[in-house]
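# Summary of structural features
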Amino acid sequence: MDEPSSLPQRPPQENETRRGGVEISGGEVRAARDFVAGDVNVAGDSISGQTVTVQRGFSAQDVQRIALIVGGLVFLTALVFFALGAVASAAVVATLNRPLREGSSLDAARSMQEKIRQLNSLQSGQRFQVQFSEDEVSSYFRFILGPQLGISNGKARLMSSPGQIAIGGNLDRLGGIPFAAQINVTTTQTPLQLESAWLKVLPTPEGSSVGYVSATGVAQDLTRQLNAALFGRVQFREIGQNGGGSGAQPVTGANLILLGVAK
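The structure reproduced in this document is the subject of the present report. Note that the coordinates shown come from a computational prediction; the quantities given were computed from them, not determined experimentally.

## Regarding the pairing of strand β10 (residues 255–262)
- Taking burial as the measure, the eight residues of β10 include seven buried ones, the bulk of the element.
- Sheet analysis places strand β3 (residues 127–133) next to β10, joined by seven bridges and oriented antiparallel. The partner of R127 across the bridge, within β10, is V261.
- Two strands pair when backbone bridges link them, and strand β9 (residues 234–242) and β10 are joined in this way by eight bridges, in the antiparallel orientation. Bridge pairing in β10 links Q235 to V261.

Written as structure tokens, this is what we have:
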């Protein structure tokens, strides 16, 4: 009896599920670490002329190391930022903490207010000379000008160079955050100009410049407000200062002397 002939092999169907291996018939395949674990072995001619890329992800140790490096850079940047602010604001903050000779008073504030009123009532082209004491400047800023600008606990001091004034206080519109600034009296068309400004963002002891950061760029509108409230109708020709010391020494009791002309 003849032996039965072998049955023909049935070709695999396209939709038949394969139990092992990965068959790649074309295109570019990229397998991340979550998809392919271990090694990838390619044997035979299953892949021809194609590209297989296996990408390795970050381990937990890698992520931790990167986080530590980034955190360290942020800390160093903040440290440098605050150090620069402390150095730059030191002279102004120290000047603001110098006591006045007689202290702030409403009488001194009203005296300066009257002098400003007289200046702004001059006829155009009329020359003048006016003198303000440090007590008058600080009192006027504390009791009259400061509240108009939304500043409480305001104070002002004359600095060692004629025409330089340090001002400070608390900004009510920013929750009472302390600030310090230097204002310069000039002979330009804009008599008062903001030189520098700082905000105190760290709760350091009073009188310390540590914790101040530069805010000059966002405080330029202060120049317009000061000139509109004080010397919008005059231009100074000479700026002087007498009394209270010389050079870089404290100027307690000094007087600011201004000569100019009405616009």
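## What to know about the sheet that holds β3
- Here we have three strands laid out as an open sheet, ordered β3-β10-β9, and antiparallel in their pairing. The sheet terminates laterally at β3 and β9, the two strands that pair on one side only. Along the sheet, successive strands turn relative to each other by an average axial angle of 20°, direction set aside.
- Of the strands in this sheet, β3 and β9 are in contact with helix α2 (residues 106–120), which crosses β3 at around 165°.

## As for the packing of aromatic side chains
- In this structure the tally under the stated criterion is three aromatic pairs.
- Ring geometry for F128 and F236: centres 6.1 Å apart, planes at 75°, overall edge-to-face. One end of the pair, F128, is in strand β3; the other, F236, is in strand β9, and 108 residues separate them in sequence.
- What makes F128 buried here is its relative accessible area of 10%.
- Three or more aromatic residues joined by ring pairs form one cluster here, namely F128, F132, F231 and F236.
- The ring of F143 is capped by R142, whose NZ or CZ atom sits 6.0 Å from the centre of that ring.

## Quick notes on the sheet that holds strand β5 (residues 164–171)
- Overall, antiparallel pairing links the five strands, which are arranged β4-β5-β6-β7-β8 in an open sheet. Each having just a single partner strand, β4 (151–158) and β8 (212–214) make up the two edges of the open sheet. Each strand axis lies, on average, 25° off the axis of its neighbour in the sheet, ignoring direction.
- Relative to β5, β4 is paired through six bridges, and the arrangement is antiparallel. Counted as the bridge partner of A156 is I167 from β5.

## Some thoughts on the environment of S124
- Residue placement: S124 occurs in the loop between α2 and β3.
- Sequence-wise, S124 and V234 are 110 residues apart; in three dimensions their C-alpha atoms are separated by 8.6 Å.
- Leave out the neighbours within four places in its chain, and S124 touches A262 and K263.
- Within the local environment of S124, its side chain forms a polar contact with the backbone oxygen of K263, the two atoms lying 3.3 Å apart.

Analysis parameters
Residues numbered from 1 in each chain as written. Predicted model: local features only at pLDDT ≥ 70, side-chain atom pairs only at ≥ 80, totals over all residues. Heavy atoms only, no water. Buried < 20%, exposed > 50% of the residue type's maximum accessible area, 1.4 Å probe, protein only. Helix = DSSP H or I, 4+ residues; strand = E, 2+ residues; numbered from the N terminus. Pairing = 2+ DSSP bridges. Axes fitted to C-alpha atoms, helices over the stretch in contact; angles between N-to-C directions. Contact = heavy atoms within 4.5 Å. Phe/Tyr/Trp six-rings, centres within 6.5 Å; stacked < 30°, edge-to-face > 60°. Lys NZ or Arg CZ within 6 Å of the ring centre and 35° of its normal. Polar contact = N/O pair within 3.5 Å; in protein donor to acceptor, adjacent residues only side chain to side chain.

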